[in-house]
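Survey of secondary and tertiary structure
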Amino acid sequence: MALHMRRTLLSLHRATSSSLKPPEPLDTRCPAPLLLTVRTKKRYFIPPRVSLKGRMDGNPEAKARAAGIVFRQEYVERPINIACTAGVFDPYIPPEGDARLSTLSKEGIKQRTEQIRQSAASQLAIRKIKEQDPEFSTKTFAEKAQEIFIEAHNALTNFNKERLHFLVTERCYPEITRGNRYKTVRWKFLESLEPPRVVHARCPDMVSKGNLYGQVTVRMHSKQTLAIYDRFGRLMMGDEDLPKDVLEYLIIERHLMNPYGSWRLHGKIVPSWAPAKDPVIKTVSIPGPELKPWEEFDAENYEVPKPAAVQWYK
Amino acid sequence: MATALTGRGLAFIRATPNLFPSRFPWVAAPQQLSCLHTSALLEAPRWEQKNRKVYPPQLPGEPRRPAEIYHCKRQFKYSKDKLWYLATMVKGLSIDEAIAQLEFNDKKGAKFMKEVLLEAQDMAVKNHNVEYKSNLYVAESTSGKGKYLKRIRYHGRGMFGIMDKVYCHYFVKLVEGPPPAKTERTSFDAAKDYVDELKRRTIIHSL
């Protein structure tokens, strides 16, 4: 058995240049022992020989093709359903000082009585929407929009993904949920200070003409509380007992051509004159100025750069 | 001789790893071992999942819970026994001290460990709401055995041995806060504990 073993091993090492002397018989050297211990246990596992020769040269695809194997044409296609637009078309620019003036002053009344009939494009868009969706009405829509908003944020606090997908478009979903996965959000809608109003409407079409999407901007002034806790239950931002007045411009969208489409929250407009948000409850380091090797950082005279006041929509 | 292979075509060749055996057989699905005491650290990537635990918000009266960040580096070419020495050296140090010690250590494992610690520190500040990046210390640091490759080591007289190409994992847990003070255990403490143990004995079946 040992001889067989040895022979297989010898055949294994044939490629190597080790000298293969035939095993010397023990009789000639020293007297034969009574017991000849031989290794009879079979090795169950012999690791495979790793040779670098045939591995890297030539790709297996070319070899297969040369061998005559024919592959069918690969179709890498997948149908995609686009249920929402990629952004906000022609965003509404909220007038400066909105909701800052009291309603009793002259300017305040002028602002409040600003009817949507001013903008012709919005009127056209609303007419188009009414063609597709006969139940649409600017008066009732604002209330519905607020309800959608409240339900969406409640689903966000519970992180109910299915419900959230119903109430929020695919474009808005990652923006709403970014960074919230391992955090606890506590949000409460206390009351609405002014009745919500439809201020703007547009009806863009994507890809092909006639594929209509309706985007309606709703203005909301309400009282809300927000508190965000991080992964360990520590308060990161906001305060649960401190209500804040929030003026928001929400964009609600619906795929009009789709008979099963529904109005969903598509984004928010943050005007350029909006007050700065509350800071996070932790110290954050801002990257300093780029210095050459001979320059020194002057901490006293350095002014922290403030971001430009630009309207942005989420 | 031309065989028409239906299905995914060329992707078929790429998908099946056994047609052209690669150098790393363990890239295929890990075997399901049936014995109870499989290595607890590797069966499912539990160490990575520890970062997903979310605690409920703390009440205002509770003391602030320190942040815990788990990080690991899997399957790199070093011996787990040699890495253990470095891992125990780093245990209990503050993160700055640990990185400094590893930077000037000549061992190969020190480079891997330093990368892991820096990455974990970065993760802590960005994702886990840690305020000061120096306010962390190494609470746990261990090495684990990775999946080995087996090769032949040739001996004389046609004998051979199976050589293991060793790979290992490194696990680290960072906790926010200053490092805990190391209490020196004096001989007096040991003596006191011994005497207390003697006094605690219960003698049964006696008068």
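Residues numbered from 1 in each chain as written. Chains lettered and ligands numbered in written order. Predicted model: local features only at pLDDT ≥ 70, side-chain atom pairs only at ≥ 80, totals over all residues. Heavy atoms only, no water.

Re the overall build of chain A
Put simply, the test is: The helix and strand labels rest on DSSP assignments: H or I over at least four residues marks a helix, E over at least two residues marks a strand, and numbering proceeds from the N terminus. With a 1.4 Å probe rolled over the protein chains alone, any residue whose accessible area is under 20% of its type maximum counts as buried; one over 50% counts as exposed, and the rest are partly exposed. Working rule for contacts: check all heavy atoms of both residues, and any pair within 4.5 Å makes them a contact. To be clear on the numbers: accessible area is Shrake-Rupley with a 1.4 Å probe, and residue cover counts the displayed protein chains and nothing else.
Across its full length, chain A carries nine helices and six strands. Per-residue burial for chain A yields a buried fraction of 32% across its 314 residues. Residue pairs in contact within chain A that sit at least 24 positions apart in sequence constitute 67% of those at least 6 positions apart. Of the roughly 22,100 Å² of accessible surface on chain A, a fraction of 56% belongs to carbon and sulfur atoms.

Observations regarding empty space enclosed by the protein
The rolling of a water-molecule-sized probe over the atoms marks out the regions of remaining empty space. Selection criterion: With a 1 Å grid spanning the protein atoms alone, the term cavity applies to any set of points in which a 1.4 Å probe fits but cannot get out, the term pocket to an open set with protein on both sides within 12 Å along at least five of seven lines, and the term lining residue to any residue with an atom within 4 Å of a point. Grid points are joined across faces, edges and corners, and a volume is the space filled by probe spheres set on the points. In this classification, Asp, Glu, Lys and Arg are treated as charged, Ala, Val, Leu, Ile, Met, Phe, Trp, Tyr, Cys and Pro as nonpolar, and every other residue, Gly included, as polar.
Using the criterion set out here, one finds two cavities of 30 Å³ or more in the structure. Considering only enclosed or pocket space, the second largest cavity measures out at about 40 Å³ in volume. For the lining of the second largest cavity, the residue count by class is two nonpolar, one polar and three charged.

Focus: unusual backbone geometry
Most peptide bonds adopt trans geometry, and most residues besides glycine take a negative phi value. The phi dihedral of Asp90 of chain A is positive, around 55°, even though this residue is not glycine. By the secondary structure assignment, Asp90 of chain A is in the loop between strand S1 (70-71) and helix H5 (106-112). Its identity as a non-glycine residue notwithstanding, Gln75 of chain B has a phi of 55°, on the positive side. Within the secondary structure, Gln75 of chain B is located in strand S2 (residues 68-76).

Quick look at the side chain of Glu68 of chain B
Note the threshold: In protein, a polar contact requires one atom able to donate a hydrogen and another able to accept it; more generally it is a pair of N or O atoms within 3.5 Å, and residues adjacent in sequence count only if both atoms are side-chain atoms.
Assignment of secondary structure puts Glu68 of chain B in strand S2. At a separation of 3.4 Å, a polar atom in the side chain of Glu68 of chain B contacts the side chain of Tyr70 of chain B. For Glu68 of chain B, the contacting residues outside a window of four places in its chain are Arg231 and Phe232 of chain A together with Asn51, Tyr55, Lys173, Leu174 and Val175 of chain B.

What to know about the packing of helix H3 (residues 80-90) of chain B against helix H5 (residues 108-127) of chain B
Residue and element names in this part refer to chain B. Where we set the bar: Whenever a helix is involved, its axis is fitted only over the stretch in contact; in every case the axis is a line through C-alpha atoms, and angles between N-to-C directions fall within 0 to 180 degrees. If an angle is under 35 degrees, it is roughly parallel; if it is over 145, roughly antiparallel; if it lies from 65 to 115, roughly perpendicular; otherwise it is oblique. For a crossing to be left-handed, the near helix must be turned anticlockwise from the far one by less than a right angle; the clockwise case is right-handed.
Viewed as axis vectors pointing N to C, H3 and H5 meet at an angle of 45°, and their least axial separation amounts to 10 Å. Considering their axes alone, H3 and H5 lie oblique with respect to each other. For the element pair H3 and H5, the recorded crossing hand is right-handed. On H5, the residues touching Leu83, Leu86, Ala87 and Val90 of H3 are Gly109, Ala110, Met113 and Leu117.

Describing the side chain of Thr169 of chain A
For Thr169 of chain A, the position within the fold is in the loop between helix H8 (161-167) and helix H9 (172-177). Among residues more than four places away in sequence, those in contact with Thr169 of chain A are Cys84, Glu253, Arg264, Leu265 and His266 of chain A.

Description of helix H6 (residues 120-132) of chain A
Residue and element names in this part refer to chain A. Short version of the rule: The length a helix should cover is 1.5 Å for every residue beyond the first. It is the directions from the helix axis to the C-beta atoms that the arc portrays.
For H6, with 13 residues, the first-to-last C-alpha span of 19 Å sits near the 18 Å given by 1.5 Å per residue. Looking at H6, one finds that the buried residues are Ser122, Ala125, Ile126 and Ile129. The arc that holds the buried residues of H6, viewed along the axis, is 100°, so those residues lie on one side. Away from the buried face of H6 by more than 90 degrees, exposed residues Ala120, Arg127 and Glu131 are located. Buried residues belonging to H6 abut helix H7 (138-158), strand S2 (184-202) and strand S3 (213-229).

A closer look at the packing of aromatic side chains
Applied cut-off: Pairing of aromatic side chains here covers Phe, Tyr and the six-membered ring of Trp, requires ring centres within 6.5 Å, and sorts the geometry by plane angle: under 30 degrees stacked, over 60 edge-to-face, intermediate tilted. Criterion for a charge above a ring: Arg CZ or Lys NZ at most 6 Å from the ring centre, at most 35 degrees from the ring normal.
Here the structure, examined in full by the defined rule, presents twelve aromatic pairs over all chains. Each ring, one from Phe141 of chain A and one from Trp263 of chain A, has its centre 4.8 Å from the other, and the planes form 65°; the classification is edge-to-face. You can see Phe141 of chain A sitting in helix H7 and its partner Trp263 of chain A sitting in the loop between strand S4 (235-255) and strand S5 (264-270), a full 122 residues away along the chain. Residue Trp263 of chain A is classed as buried on the basis of its relative accessible area, which comes to 7%. Relative to Phe189 of chain A, the ring of Trp187 of chain A lies with its centre 6.2 Å away and its plane at 45°, an arrangement referred to as tilted. An aromatic cluster is defined as three or more aromatic residues linked by ring pairs; in this entry it consists of Phe136, Phe141 and Trp263 of chain A. Looking at Lys77 of chain B, its charged tip hangs above the ring of Tyr167 of chain B, at a distance of 5.6 Å from the centre. Sitting over the ring of Tyr148 of chain B, Lys145 of chain B keeps its end group 4.5 Å from the ring centre.

Regarding the sheet that holds S4 of chain A
Residues and elements named next belong to chain A. As a reminder, the rule being used: Any two strands with at least two DSSP-identified bridges between them are counted as paired.
Spatially, five strands are ordered S2-S3-S4-S5-S6 in an open sheet, and the strand pairing comes out antiparallel. The open sheet has two edge strands with one neighbour each: S2 and strand S6 (312-313). Note that S3 and S4 share 16 bridges and pair antiparallel. Within the sheet, the bridge partner assigned to Gln215 lies in S4 and is Glu253.

Notes on the pattern of salt bridges
In plain terms, the rule: In the sections that follow, a salt bridge refers to a side-chain nitrogen of Lys or Arg positioned within 4 Å of a carboxyl oxygen of Asp or Glu.
If you walk through the whole model with that rule in mind, you get 21 salt bridges over all chains. Salt-bridge contacts for Glu176 of chain B lead to Arg234 of chain A; the nearest nitrogen and oxygen are separated by 2.7 Å. Of the two residues, Glu176 of chain B sits in strand S6 (residues 168-176) while Arg234 of chain A sits in the loop between S3 and S4, which places them in two different chains. Arg234 of chain A shares its class with Glu176 of chain B; the two are buried. Here Lys268 of chain A and Glu248 of chain A are joined by a salt bridge, their closest N and O atoms 2.9 Å apart.

A look at a positive patch on the surface
Using the following cut-off: Residues forming no salt bridge and having over 30% relative accessible area are the ones grouped into patches, like charges within 9 Å of each other and nonpolar side chains (Val, Leu, Ile, Met, Phe, Trp, Tyr) within 5 Å. Positive residues here are Lys and Arg, negative ones are Asp and Glu, while His and the chain termini are left out of the count. The atom standing in for a charge is NZ when the residue is Lys, CZ when it is Arg, CG when it is Asp and CD when it is Glu.
Taken together, the side chains of Lys77, Lys82, Lys107, Lys108, Lys111 and Lys165 of chain B make up a positively charged region of the molecular surface. Its place among the elements puts Lys111 of chain B in helix H5.

So, the pairing of strand S5 (residues 160-165) of chain B
Residues in a regular strand point their side chains to alternate faces of the sheet. Residue and element names in this part refer to chain B. Strand direction decides the pairing type here: strand S4 (residues 149-154) and S5, joined by six bridges, are antiparallel. Within the sheet, the bridge partner assigned to Tyr154 lies in S5 and is Phe160. Remark: five residues form the turn of the hairpin made by S4 and S5, two consecutive strands paired antiparallel; Arg157 in that turn has positive phi of roughly 60°.

Quick word on the nonpolar core
For clarity, the cut-off: Side-chain atoms within 4.5 Å are what join buried Ala, Val, Leu, Ile, Met, Phe, Trp, Tyr and Cys residues into a set we call a nonpolar core.
Of all hydrophobic cores here, the largest spans 31 residues; its most connected members are Phe141, Val216, Val218 and Trp263 of chain A. Broken down by secondary-structure element, the contributors of at least two residues to this core are H6, H7, H8, H9, S2, S3 and S4 of chain A. The leading source of residues in this core is H7 of chain A, at eight residues. Within the second largest apolar cluster, 30 residues are counted, among which are Val90, Leu93, Met123 and Val130 of chain B.

Here we look at the confidence of the model for chain B
All names here are of chain B. The test is simple: You can read pLDDT as the predictor saying how much it trusts each residue, on a scale of 0 to 100.
Looking at chain B as a whole, its pLDDT mean stands at 84, while 79% of the residues score no less than 70. Here residues 1-13 is a poorly scored stretch, pLDDT under 50, and it has 24 contacts once near neighbours within four places are set aside; other chains count. Every residue in residues 15-33 is under pLDDT 50, and counting partners more than four places away or in other chains gives 17 contacts.

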